[in-house]
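# Architecture at a glance
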Amino acid sequence: GRYRQRQNLASIESRGIELDGRLGWGAFAVTLSGAFVDATVTGGGLDGLRPAQAPELSGSIAGSYRGDGLAASVTLRHLGPRFEDDQNSRRLPAATTLDADADLRISGPLSVTFAVENLFDARIATGFSGDQFERGQPRTVWLGIRVSAAGS
């Protein structure tokens, strides 16, 4: 693989908009978040280029349920295309992932937790190794037992 050390840039000028919202109906909720960012490097030899790893568009939508002894959620996340390098010559593709989790209370403070990150095993490019993409986190499954403190 290749390794790079990124030094601080002279400055970055960034303009954009970020929105977050949540709607709830009893035990159900939907949460939306999104950001559009127009960022450019200013000062130094990289004037006008985008900062590395900074997408213009990112966002998520999540649905959740919290009922008697059960908490569950599903989250769809999107990360727009971005440049891997300071010279803006190596473009990383957009990625969309789906995560799901559930927490089922068994008795008192004891519950079983189950989660799947990147459910459909989307290819998330995080960088390059030679001409090949370096892949971000593949599908990951978690199963555990949780003991909650009193009152939580």
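Look up a bit, the structure's there.
Report follows, based on the coordinates.

### Thoughts on the pairing of strand S10 (residues 132-135)
Two strands pair when backbone bridges link them, and strand S9 (residues 125-129) and S10 are joined in this way by four bridges, in the antiparallel orientation. Within S10, the position partnered with Ala 125 by the bridge is Arg 135. The hairpin turn running from S9 into S10, its antiparallel successor, is two residues long, and Gly 130 in that turn takes a positive phi close to 70°.

### Looking at the pattern of salt bridges
Applying the stated criterion across every chain, the model contains five salt bridges. With a closest N to O distance of 4.0 Å, Arg 50 and Glu 56 form a salt bridge. Its relative accessible area of 37% is what places Glu 56 among the partly exposed residues. One salt bridge in this structure joins Asp 99 and Arg 77, with 3.2 Å as the shortest N-O distance. In this pair, Asp 99 sits in strand S7 (residues 95-107) while Arg 77 sits in strand S4 (residues 70-79), placing the two residues 22 residues apart along the sequence. Judged by its relative accessible area of 14%, Asp 99 is buried.

### Re the side chain of Ser 111
You can see Ser 111 is positioned in strand S8 (residues 110-117). Engagement of the side chain of Ser 111 in a polar contact is seen with the side chain of Asp 103, the distance being 3.2 Å. Discounting residues that sit within four places of it in the chain, Ser 111 has contacts with Asp 103, Leu 104, Arg 105, Ile 106, Gly 144, Ile 145 and Arg 146.

### Observations regarding the pairing of strand S1 (residues 11-25)
Counted residue by residue, S1 has zero buried out of 15 residues, so it is predominantly exposed. Sheet topology note: the S1/strand S2 (residues 28-42) ladder contains 15 bridges and is antiparallel. The residue of S2 that forms the bridge with Ile 17 is Phe 36. Hairpin geometry of S1 and S2 is characterised by an intervening segment of two residues between the two adjacent antiparallel strands and by a positive phi of about 60° at Gly 26.

Cut-offs applied
- Residues numbered from 1 in each chain as written.
- Predicted model: local features only at pLDDT ≥ 70, side-chain atom pairs only at ≥ 80, totals over all residues.
- Heavy atoms only, no water.
- Pairing = 2+ DSSP bridges.
- Helix = DSSP H or I, 4+ residues; strand = E, 2+ residues; numbered from the N terminus.
- Salt bridge = Lys/Arg side-chain N within 4 Å of Asp/Glu carboxyl O.
- Buried < 20%, exposed > 50% of the residue type's maximum accessible area, 1.4 Å probe, protein only.
- Polar contact = N/O pair within 3.5 Å; in protein donor to acceptor, adjacent residues only side chain to side chain.
- Contact = heavy atoms within 4.5 Å.

None of this, on its own, says anything about what the molecule does.
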